[in-house]
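Structural description and commentary
So you can see what is in the structure, the chains are spelled out below.
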Number of protein chains: 2
Amino acid sequence: MRVGVIGGGQLARMMVPAAVGLGIDIAVLGEGPDASARLAVTAIGAAGDADAVLAFARDVDVLTFDHEHVPQPVLAALVEAGVAVRPGPGALAHAQDKLVLRRRMDELGVPQPVWAEVADEAQLAAFLDANGGRAVVKTPRGGYDGKGVRVVTAAAEAADWLADGPLLAEEVVDFRRELAQQVARRPSGEVVAWPLVETVQGGGVCREVIAPAPHSAGRIADIACDIAMTVAEALDVTGVLAVELFETVDARILVNELAMRPHNSGHWTIDGATTSQFEQHLRAVLDLPLGATGCRDPWSVMVNVLGGPEDGDLDSRVPGLLAEHPTAKLHLYGKAPRPGRKIGHVTVTGDDLDDLVFQARAASARLSGTA
Amino acid sequence: MRVGVIGGGQLARMMVPAAVGLGIDIAVLGEGPDASARLAVTAIGAAGDADAVLAFARDVDVLTFDHEHVPQPVLAALVEAGVAVRPGPGALAHAQDKLVLRRRMDELGVPQPVWAEVADEAQLAAFLDANGGRAVVKTPRGGYDGKGVRVVTAAAEAADWLADGPLLAEEVVDFRRELAQQVARRPSGEVVAWPLVETVQGGGVCREVIAPAPHSAGRIADIACDIAMTVAEALDVTGVLAVELFETVDARILVNELAMRPHNSGHWTIDGATTSQFEQHLRAVLDLPLGATGCRDPWSVMVNVLGGPEDGDLDSRVPGLLAEHPTAKLHLYGKAPRPGRKIGHVTVTGDDLDDLVFQARAASARLSGTA
């Protein structure tokens, strides 16, 4: 069996060990020879280049993705050519366009922030008036890691973006914390859920994940799981789905965004769960039975490694990290360290959450060059 | 950092996930394009072809091995060319030639079976007379998985092998069970040991491994660990060393054989230990600090998957295995299933050893086509 992955980032990279274990051949259409997933890159090309994508897809049994940026016309051409595209174009549309997502969540009755589509400054001003004078404004497409997101208090602050088309305006949610619920679904219908996790963001980027989310057993975990299962089934998602959630100060759970691929909030599963999100994604897109999703230890803590303030020599920092943290599991992405860029992550698992958070942060800081 | 591996078997294949995590580039000199480690094969050539091996070694920082079959003259040429060869030729000689090993173990005072070098039938007959009329006869070089090993009761039974040179004759050890002790050592001297494991052989091939070895805490584990540490240091081993041991019916521990690379007895570490033997091997040969070697669960059971009685379609058996054993960790080697050939392994971990053995055997049999 041969799986093709569009995009050669760290998510494709981390599918490689899972493919090795399952005895699956994996091929990647990478952006260049230095792609994070370069070990499995068999063709170079852009995700928007229909010819390159179609040529690549000819040699694989199933096509899946490192990211959601394959344009719908290219996806349609793949389906037309008989390629098994998982997740399919209809599902992916909800991860590509935040307005499509918001409309659909309303139809499904899934709780989400108050929102509106705003086509001009007058509509945005009206939304601001109705929502306490502040709003989160998002470009419907292309945003990630805090890009394409802005908090505004006056309509003029979004004038530049409005010139390019309608925007999504959302209430500024008063949240206690952010959570993420991951599920996996295969074409034949089986759906499994990992434990709900807590995610800590900084500068629009995921910084830390604690699994399972502390103080969430019972009602909150049940609601989050129900939401993710509902979304996976209603949108016919195949593969892994991550639902980013807000837990509000008044204890409601609201859907923030979706990702239909392995996601930063699930990196802990490599070391902390019986089945990792990368193995599960491959199993799901190949329509193989899904694996157990339980935690291997009471707690897992994942901390991202971001490129530090100086362009440092990452290799020279690795020995110190390994010497000081013999139980930490290091995952480097083979990417050049630029300030703020995700270049790896560290996971520790065990019984003592306080100690694990300390260890994971210290290990990550060691690599970032900030410790 | 770039590690080169001579040989493209399943051991090289299973180094790939470890390299991905550590952010190390890995290149493999494979026997052909269908090698088990084909994902990382960058050159095709035989381990005995000095030109091919030297050309391959030019692009790597450290050279290591999937097997011990690189001839000493080729190893010498590599060292001469300035290549970092780990383990080095002097250490590897003990894994390549069983007579060299037996002599050295005697020098070190390490307990081992009664043995003799026999050059002709008269010498073998004398050894048989002195050892109860039975002996294990081994070709000094080239044997593995039961090949090159024969139990004889008359010297004539080894006449064919004696025509090719001296043999190793050993007493037939009356053993209670077989054990294996794995350690890892880096050039700067750090040595770490995993827990002692019990190995179950069948037809000369490793069938099952239980980690840690039941009923071995204390004296037996201490002796095994001391032996492996002594051997690793005395032979200047770098990388992973597996010492195969007999536990005799009178409770002695005797050295059977050595392997200076990741070994079947350590496959359980991928899923059952904090640091796998494959990650540790890469860390050790790169002289990076070594990782923690503790068990992640009270018990781990690894069962090999051998090609079954019929040349079956392995792919068609995978869904049944995954459906029936959602907690089993499957590792397939991308090899065509021929009867008796090692094509993969399954590991399960947990609290209940009886249940784990049952699960792992059932899962393996499912894949072999024998269940």
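Predicted, not measured: the structure shown is a model, and the values here were computed from it.

Looking at the overall build of chain A
What chain A contains, in helices and strands, is 12 helices and 17 strands. Taken over the C-alpha trace, chain A has a radius of gyration of 20 Å; the compact-globule value for 371 residues is 21 Å, and the two agree within 12%. Its C-alpha atoms put chain A at 55 × 50 × 45 Å along the principal axes. Counting every position in chain A, which comprises 371 residues, the buried fraction comes to 60%. The contacts in chain A between residues at least 6 apart in sequence include a share of 62% that link residues at least 24 apart. Counting every atom, chain A has about 13500 Å² of accessible surface; 50% of that belongs to carbon and sulfur. If the 32 positive side-chain charges of chain A are averaged to one point and the 49 negative ones to another, these points end up 2 Å apart.

Let's talk about the packing of helix H3 (residues 72-80) of chain A against helix H4 (residues 89-96) of chain A
All names here are of chain A. In the contact formed by H3 and H4, the axes pass within 10 Å of each other and the chain directions differ by 165°. In terms of orientation, H3 lies roughly antiparallel with respect to H4. In the crossing of H3 with H4, the sense of the turn from one axis to the other is right-handed. Each of Gln72, Leu75 and Val79 in H3 lies in contact with H4, whose residues at this interface are Pro89, Leu92, Ala93 and Gln96. Here the contact of H3 with H4 is composed, by residue class, of 5 nonpolar, 2 polar and no charged.

Brief notes about helix H6 (residues 121-130) of chain A
Residues and elements named next belong to chain A. For H6, the set of buried residues is Leu124, Phe127 and Leu128. Along the axis of H6, the buried positions cluster into a sector of 100°, meaning they face one direction only. Summarising the geometry of H6, the exposed residues directed more than 90 degrees from the buried face are Ala122, Asp129 and Ala130. Among the structural elements, strand S5 (115-118), strand S6 (135-138), strand S7 (149-152) and strand S8 (167-170) are those in contact with the buried residues of H6. Capping the start of H6, Asp120 holds a side-chain oxygen 3.2 Å from the backbone nitrogen of Ala122, two or three residues further along.

Regarding the sheet that holds S7 of chain A
All names here are of chain A. On the basis of which strands lie adjacent, the open sheet formed by 4 strands has the order S5-S8-S6-S7 and antiparallel pairing. Looking at strand neighbours, the two that pair on one side only are S5 and S7, the edges of this open sheet. Each adjacent strand pair in this sheet contributes to an overall mean axis angle of 25°, direction not counted. Pairing between S6 and S8: 3 bridges, direction antiparallel.

Side note on unusual backbone geometry
Residues and elements named next belong to chain A. Following Arg86, the chain continues to Pro87 via a peptide bond in cis, the omega torsion being 0°. Assignment of secondary structure puts Pro87 in the loop between H3 and H4. Its identity is not glycine, yet Ala251 carries a phi of approximately 65°, on the positive side. In this fold, Ala251 is placed in the loop between strand S13 (239-248) and strand S14 (253-259).

Some thoughts on the interface of chain A and chain B
Facing the 39 residues of chain A at the interface are 39 residues of chain B. When chain A packs against chain B, close to 3100 Å² is buried across both sides, 55% of that on carbon and sulfur atoms. It is Val20, Leu39 and Arg296 of chain A that lose the most area in chain A upon contact with chain B, and together they represent 20% of the buried surface on that side. The interface formed by chain A and chain B includes 6 salt bridges. As a salt-bridge pair, Asp297 of chain A and Arg296 of chain B come within 2.7 Å of each other at their nearest N and O atoms. Listing elements by their share of the side of chain A that touches chain B, those giving two or more residues are helix H1 (10-22), strand S2 (25-30), helix H10 (277-285), helix H11 (314-324) and strand S16 (329-332) of chain A.

Topic: the state of the cysteines
All names here are of chain B. Counted under the stated rule, the structure contains 0 disulfides over all chains. In this structure Cys225 is not part of a disulfide, and its nearest cysteine sulfur, from Cys295, lies 13 Å away. For Cys225, a relative accessible area of 22% translates into the label partly exposed.

What about the relation of the copies chain A and chain B?
Least-squares fitting of chain A to chain B yields an RMSD of 0.0 Å, with the transformation described by 0.0 Å of translation along the axis and a rotation of 180°. One copy is carried onto the other by what is essentially a two-fold rotation axis. When C-alpha distances to the rotation axis are compared across chain A, the minimum falls at Pro17 of chain A, with a value of 2.2 Å. Interface overlap between copies: 100% of the residues of chain A at the interface are likewise at the interface in chain B, consistent with a symmetric, same-surface contact.

Details of the nonpolar core
Note that soluble globular proteins tend to have their nonpolar side chains buried in a common cluster. Counting 88 residues, the largest nonpolar core has Val301, Leu330 and Leu367 of chain A together with Val301, Leu330 and Leu367 of chain B as the members making the most contacts within it. Beyond its immediate stretch of four places on either side in the chain, Leu330 of chain B contacts Gly21 and Leu22 of chain A together with Val318, Leu321, Leu322, His345, Val346 and Leu367 of chain B. Membership of the second largest hydrophobic core comes to 43 residues, among which are Ala57, Ala213, Ile227 and Ile253 of chain A.

Comments concerning the pairing of strand S4 (residues 62-65) of chain B
Residue and element names in this part refer to chain B. Burial of S4 is two-sided: the residues Val62 and Thr64 facing one way and the residues Leu63 and Phe65 facing the other way are all buried. Here strand S1 (residues 2-6) runs beside S4; their pairing, made up of 4 bridges, is parallel. Counted as the bridge partner of Val3 is Val62 from S4.

So, the sheet that holds strand S7 (residues 149-152) of chain B
Residue and element names in this part refer to chain B. Strand order in this open sheet of 4 strands is S5-S8-S6-S7, and the pairing throughout is antiparallel. This sheet does not close on itself; its edge strands, each paired only once, are strand S5 (115-118) and S7. Strand-to-strand, the axes of this sheet are offset by a mean angle of 25°, without reference to chain direction. Strand contacts of helix H5 (residues 98-108): S5, strand S6 (135-138) and strand S8 (167-170), with the helix running at about 140° to S5, the strand carrying the most contacts. Helix-sheet contacts for helix H6 (residues 121-130) involve S5, S6, S7 and S8, and the interaxial angle to S5 is about 160°.

Some remarks on the packing of aromatic side chains
All names here are of chain A. Tallied over the entire structure, the rule returns 2 aromatic pairs over all chains. On the basis of an interplanar angle of 25° and a centroid distance of 4.9 Å, the ring pair of Phe175 and Phe246 is categorised as stacked. Residue Phe175 is located in strand S9 (residues 175-185), and its partner Phe246 is located in strand S13; the two are separated by 71 residues in the primary sequence. Relative accessible area serves as the criterion here: at 9%, Phe246 is assigned to the buried category. Against the face of Trp161 rests Arg150, its NZ or CZ located 3.9 Å from the ring centre.

Description of the environment of Asp351 of chain A
Residue and element names in this part refer to chain A. One can find Asp351 in the loop between strand S17 (342-350) and helix H12 (353-368). As a C-alpha pair, Asp351 and Asp297 span 54 residues in sequence and 6.8 Å in three-dimensional space. Setting aside anything within four residues of it in sequence, one finds Asp351 in contact with Pro298, Trp299 and Leu356.

Criteria and thresholds
Residues numbered from 1 in each chain as written. Chains lettered and ligands numbered in written order. Predicted model: local features only at pLDDT ≥ 70, side-chain atom pairs only at ≥ 80, totals over all residues. Heavy atoms only, no water. Helix = DSSP H or I, 4+ residues; strand = E, 2+ residues; numbered from the N terminus. Rg over C-alpha atoms; globule rule 2.2 N^0.38 Å. Buried < 20%, exposed > 50% of the residue type's maximum accessible area, 1.4 Å probe, protein only. Contact = heavy atoms within 4.5 Å. Areas by Shrake-Rupley, 256 points an atom, 1.4 Å probe, with all protein chains shown as cover. Lys, Arg positive; Asp, Glu negative; His and termini not counted. Charge placed at Lys NZ, Arg CZ, Asp CG, Glu CD. Axes fitted to C-alpha atoms, helices over the stretch in contact; angles between N-to-C directions. Parallel < 35°, antiparallel > 145°, perpendicular 65-115°, else oblique. Left-handed = near helix turned anticlockwise from the far one by under 90°. Nonpolar A, V, L, I, M, F, W, Y, C, P; charged D, E, K, R; others polar. Arc of directions from axis to C-beta. Polar contact = N/O pair within 3.5 Å; in protein donor to acceptor, adjacent residues only side chain to side chain. Pairing = 2+ DSSP bridges. Buried area = accessible area lost by both parts, 1.4 Å probe. Salt bridge = Lys/Arg side-chain N within 4 Å of Asp/Glu carboxyl O. Disulfide = S-S within 2.5 Å. Least-squares fit on C-alpha atoms with pLDDT ≥ 70 in both. Core = buried A, V, L, I, M, F, W, Y, C linked by side-chain atoms within 4.5 Å. Phe/Tyr/Trp six-rings, centres within 6.5 Å; stacked < 30°, edge-to-face > 60°. Lys NZ or Arg CZ within 6 Å of the ring centre and 35° of its normal.

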